[in-house]
Structures are given as structure tokens and as C-alpha cells.
Amino acid sequence: MKLKLLTAAMALTWASSASAVYVSNDGDDGVGTGLQGQIDAITTAPTPGSSSIDVNTDQLDDGLDSYWSITGSGGSVSTFVVEVAGNSGSNTFGVYDRTNPTTFVELFSGSAGPNNGFGSQVTLSFLADGSVGINGSDTGIDFSSNQFGYYLGSASGPTFFSDSDLNANGSDQMVALQGNDVDTINIPGYFAGTWTDNEFILGWEDVLYADGDQDFNDLVVMVESVLPVPEPGTLALLGLGLAGLGAARRKKA
């Protein structure tokens, strides 16, 4: 019994260490303009009211949102949702190679913005030889595989990475929210539809978290036909927790 309680405590400690980052909805941009406010503005739950997604309790844990891969559709669409930032004219968004963060492909430039028709959507594709394509055209850049991270940066490349380990002080600069196949989402300029579980909202801070307003609305995009690829360390910790629980059950039996 004691072993089981100890293992459970260890699992809770691990969950706490790898869990969500706090997201404020009352940052420098004004009360209610944070990521939750942006989600509520475009999402409707089955019952009257705002979104059933809570940006603090429903976000993917840090370490589970670091790297991604495209599903069997062969291409992933990224849609610009909103940008509430003083750096909106220079912020860029893109993907980087999991094994080499200096290899990257820009998806949205500083001049990009929401509600701009097809100009606010980009399709990312990978060929079997590692070639990266944007909107069906070869970028001339090759990745080592179809596993990649997302970045927020400038015209010269990434500044902040979805992998917190690559950021200064391990800072978590991106929040990922997964659809629940229940809520309806209506991105400005597009027909409304169900927010499915292969669609994710990514909200970014464009200033180091400790120095920023922590509302994660500086750049918000939806990415679809992607799945997170957990980091090996995260899987190892989870495996240790499960093994411990298994040992506790066997001892009790």
C-alpha cells in the first residue's frame, strides 16, 4: 500500500513538473484579450456560452507539444487565427527539423495576417526523401524526417521553439490546445465547423515568458492533420510511472 501511494506521488510530481504553463487572460493587451478570450470569441460549446476548452487545464503538457508529424493525409494546413502583438509586423511562424533546429521553413511572414482568404492558409508537405513543400511547391529544403517542431521568430529564423529545452532558461513559449470533436469553431473568413481532434490551436508568447504578459495571444494559428510526437524523455518517465504502478499491484496481489 505504501509503495502504491509512493508511486502515485511520484507520478503526480512528474505530472506537475511537465504540466501546463500558466496562461493569463488579462495581459498587457487588455482584460479578456488573452488566449482564452480569443478562443471564446471563435468557439461555441454545445450548451450556450463560450468554449468548453480551458486554456489552462486543457493544454497539452510541456514535452508533449514539442514535436509533431503529419498524419496520413500527406499535408498539414496551418491557418492564421489572430495576432495581438506589438511585433506583429516582424513575427514569423514556421517549422524546424527535429534533429537540426537550424534547418527551418517559414510558413507565415511578418506581413501575413488573419482573415486574408487563401493568404492566411499554408499547406506543409513532406516527400519520402525529406523534401519540404509549401502549397505544393518544393522549398529546396530537406528535413531528416517528417518530424518537426514549430517556431516563432523573425525573417532571419527561429527565436522561440515549441521544444522548451531550446529556449532560454527552458522557457515554455507555446501553448497547444487540441480539438474535442464537440465544440464548433469559426475562424474569421471561413465557414464554421467542428473542432476535430486532429486540429490544434497554437498560442505563442513573443517575449521570454518570465518577462512577458503571459497571455499567449501574440500569434495564434490552427494546425491540422498533425499529431504530437512525445519526446523520448517524456515517454521514459511515463513508462517508469506505469512500471511502478504495475509493481505495486503485483505486490498487493
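To be clear, the structure that these remarks concern was listed above.
Because the structure is a prediction, the values reported are computed rather than measured.

**Q** Break down the overall build of the protein chain for me, with residues and values.
**A** For the protein chain, the helix and strand inventory stands at three helices and 16 strands. Sorting the 253 residues of the protein chain into buried and exposed places 46% on the buried side. Summed over its atoms, the accessible surface of the protein chain is roughly 11,800 Å², and 56% of this surface lies on carbon and sulfur atoms.

**Q** I'd like a description of the sheet that holds strand β13 (residues 193-194), backed by residues and values.
**A** The antiparallel open sheet is built from three strands, whose spatial order is β1-β12-β13. Two strands close off the open sheet at either side, each with one partner strand: β1 (43-44) and β13. Pairing geometry for β1 and strand β12 (residues 184-185), over two bridges, is antiparallel. Bridge pairing links Thr43 to Ile185 in β12.

**Q** Before we move on, could you go through the packing of aromatic side chains and cite the residues and values that matter?
**A** If you walk through the whole model with that rule in mind, you get 13 aromatic pairs. Centroid distance Tyr67 to Tyr96: 6.0 Å. Interplanar angle 75°. Geometry classified as edge-to-face. Placement of Tyr67 in the loop between β1 and β2 (68-70) and of Tyr96 in strand β4 (residues 92-97) is noted, with a sequence separation of 29 residues between them. Residue classification places Tyr96 among the buried residues on the basis of a relative accessible area of 0%. Ring geometry for Tyr96 versus Phe161: centroids 4.9 Å apart, planes at 90°, classification edge-to-face. With Tyr96 in strand β4 and Phe161 in strand β10 (residues 157-161), the pair connects residues that are 65 residues apart, well separated along the chain. Of the two residues examined, Tyr96 and Phe161, each falls in the buried class. These aromatic residues form a ring-pair network of at least three members: Trp68, Phe80, Phe93, Phe108, Phe126, Phe143, Phe148, Tyr150, Phe200 and Trp204.

**Q** Can you break down the sheet that holds strand β15 (residues 219-224) residue by residue, with the values?
**A** One open sheet holds the seven strands; their spatial order is β8-β7-β6-β3-β15-β14-β11, and the pairing between them is antiparallel. Lying at the two open borders of the sheet, with one neighbouring strand each, are β8 (137-142) and β11 (174-178). Strand-to-strand twist in this sheet, taken as the mean axis angle between neighbours without regard to direction, amounts to 25°. Both strand β14 (residues 199-204) and β15 contribute to a ladder of six bridges, which runs antiparallel. Across the sheet, the residue bridging to Gly203 is Val220, located in β15.

**Q** Which residues make up the environment of Asn186, and what are the values?
**A** Position of Asn186 among the secondary structure elements: in the loop between β12 and β13. Here Asn186 falls in the partly exposed class, since its relative accessible area comes to 38%. Along the chain, Asn186 and Ala41 lie 145 residues apart, while their C-alpha atoms are 8.7 Å from each other.

**Q** Would you mind going over helix α2 (residues 35-42) in detail, with residue names and values included?
**A** Counted residue by residue, α2 has six buried out of eight residues, so it is predominantly covered. Structurally, α2 contributes buried residues whose contacts are with β1, β3 (75-82), β11, β12, β14 and β15.

**Q** If you had to explain the side chain of Ser78 to someone new, which residues and values would you point to?
**A** You can see Ser78 is positioned in strand β3. Assessed through its relative accessible area of 2%, Ser78 is described here as buried. Those residues in contact with Ser78 that sit more than four places away from it in its chain are Phe93, Leu107, Phe108, Ser120, Gln121, Val122, Met222 and Val223.

**Q** An account of the pairing of β4 is needed here, citing residue identities and associated values.
**A** The two faces of a sheet get side chains in turn, since along a regular strand they alternate between them. Burial runs high along β4: six of the six residues are buried. In the sheet, β4 pairs with strand β9 (residues 147-154) via six bridges, with the strands oriented antiparallel. In the strand pairing of β9, Thr92 is matched with Gly153. Inspection of the sheet shows β4 paired to strand β5 (residues 100-108) by five bridges, in the antiparallel sense.

Calculation notes
Residues numbered from 1 in each chain as written. Predicted model: local features only at pLDDT ≥ 70, side-chain atom pairs only at ≥ 80, totals over all residues. Heavy atoms only, no water. Helix = DSSP H or I, 4+ residues; strand = E, 2+ residues; numbered from the N terminus. Buried < 20%, exposed > 50% of the residue type's maximum accessible area, 1.4 Å probe, protein only. Areas by Shrake-Rupley, 256 points an atom, 1.4 Å probe, with all protein chains shown as cover. Pairing = 2+ DSSP bridges. Phe/Tyr/Trp six-rings, centres within 6.5 Å; stacked < 30°, edge-to-face > 60°. Axes fitted to C-alpha atoms, helices over the stretch in contact; angles between N-to-C directions. Contact = heavy atoms within 4.5 Å.

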